There are 2 protein chains.
Amino acid sequence: MLHIVPDIDNSETLTERQKTVLDAALRLLVEEGDDLTMTAVARRASCSKETLYKWFGDRDGLLTATVQWQASKVRVAQVDGKGLGLASLTASLERFACDWLKVISSDTSIALNRVAVGHAGSGKDNLGAVVLENGRFALAKRLKPVLEAGRQAGLLEFADAETAFRTFFGLVGRDVQIRLLLGDRLELTEAAIGGDAIRATQQFLALFGAKTGPQGL
Amino acid sequence: MLHIVPDIDNSETLTERQKTVLDAALRLLVEEGDDLTMTAVARRASCSKETLYKWFGDRDGLLTATVQWQASKVRVAQVDGKGLGLASLTASLERFACDWLKVISSDTSIALNRVAVGHAGSGKDNLGAVVLENGRFALAKRLKPVLEAGRQAGLLEFADAETAFRTFFGLVGRDVQIRLLLGDRLELTEAAIGGDAIRATQQFLALFGAKTGPQGL
DNA sequence: GGCAAGCCGTACCGTACGTTACGGTTCGGC
DNA sequence: GCCGAACCGTAACGTACGGTACGGCTTGCC
């Protein structure tokens, strides 16, 4: 399993200059393919390779720092499950679906996932673990409390929150991520994403919605 | 979109010797990461690099031929939608789900998808298109007639076969493929796959099954 | 001012790998 | 037996790139 990310917390220990360097690396990663070279990063960031090596150790360190830096930027707002009505639950689910679709269809996510997938194929799987931890598992960690609250309020019925989450994940993402990663053009407009979020939420509620209605009152 | 695979049909124009070479490349791709070198392939296949270049042009040609060769091996049996009862429809869906889960969790598929994803990130997207065409789109092409037959028989209700298929795809695959590609260990036993196939099929039928029962009789 | 630290730009080194070239061997056709 | 084609094994070439070294510049501190 190993969803452990043993590395430094970051985003606090980074100087402003280092952040701009990582931003440059990120932009380069998105524009060019995953084959970013140290020389290219140095040139783009207007810094010397010597500095890159001093700060990040080696190419893998730079890659890892870049991925973690991006990950630290996408902390989405926590949703508190305190409103617990069917309307607010639906809205929350749609919101999660929408956010997730926007993330996985963004150029940044695609580039980062590509490099992480390639990295996972070549020995050390650090990047894959980082991306997974800040993507799929972070989503689960934020969504599960909402699901549990929905069950508590009698709006949802499921035995295992993990299983319910994975179904929701599948209903939202479907074939989008793998198609994008494999280079399929797939125009996802704001409207299409919104529609997909609503559809996925409705399907999820059809599968896991309580048939008896709220039993709390 | 471009799901066009403009290259040669293959698998007919290949000699036995060439097939064994591609098998060697495939094995190497699965064992080592995606960083297979021409030298390694030549050594493993006991052939000269000169021969590799004569047959496949360059490294990309070899990669493409390898992917297409594997693709040509996984033509799954077509399911005829002529039994059209709820039981046989369910069985067909479960069969598809089972086969698909086995494919995407196989070492070969993971390795091939990894190299294709990496390739899609670096300019020419040929490999990605090939993998997509022989994976997700081939599955759709085989499954849609079954869905249409199910609708014809009054067992399913949906407006668009493509949309219905994508939902099924999401229910079956969920987060499995991306987790595996990112290096997550994820033991998928035969039993777990079978259970997931049944669950996905039941969920799909719950969403798209006709509420009125078969109207054909 | 003097000085040390940090950093930029660039040149440099070693290596890995894609690609090419070539000598030697096998094999089918005459 | 002879010839040419195909192919194996290996050596060689060119380049790209990770990593290192160094000279010069700025900056903050004494």
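Draft legend 1. Structural detail: the pattern of salt bridges. Scanning the model with the defined rule gives 28 salt bridges over all chains in all. Across the salt bridge formed by R151(A) and E148(A), the nearest N and O atoms sit 2.7 Å from each other. Residue R151(A) and its partner E148(A) are both found in helix α8 (residues 136-152); the two are separated by 3 residues, about one turn of the helix. Residue class for R151(A) comes out partly exposed when judged on its relative accessible area of 29%. The salt bridge partner of R136(B) is E162(B), with a shortest N-O separation of 3.4 Å.

Draft legend 2. Structural detail: the interface of chain A and chain B. Listed per partner, the contact involves 42 residues of chain A and 43 residues of chain B. Buried surface at the junction of chain A and chain B, both sides included, amounts to about 3,700 Å², of which 62% is carbon and sulfur. If you sort the residues of chain A by the area they bury against chain B, R166(A), R174(A) and L182(A) come out on top, with a joint share of 19%. Residue R166(A) is joined to D175(B) by a salt bridge in which the shortest nitrogen-to-oxygen separation is 2.8 Å. Elements with a contribution of two residues or more to the side of chain A that touches chain B: α6 (107-121), α7 (126-134), α8, α9 (161-173), α10 (176-181) and α11 (190-208) of chain A. The biggest single contributor to the side of chain A that touches chain B is α9(A), with 7 residues.

Reading the values: rules and limits
Residues numbered from 1 in each chain as written. Chains lettered and ligands numbered in written order. Predicted model: local features only at pLDDT ≥ 70, side-chain atom pairs only at ≥ 80, totals over all residues. Heavy atoms only, no water. Salt bridge = Lys/Arg side-chain N within 4 Å of Asp/Glu carboxyl O. Helix = DSSP H or I, 4+ residues; strand = E, 2+ residues; numbered from the N terminus. Buried < 20%, exposed > 50% of the residue type's maximum accessible area, 1.4 Å probe, protein only. Contact = heavy atoms within 4.5 Å. Buried area = accessible area lost by both parts, 1.4 Å probe.

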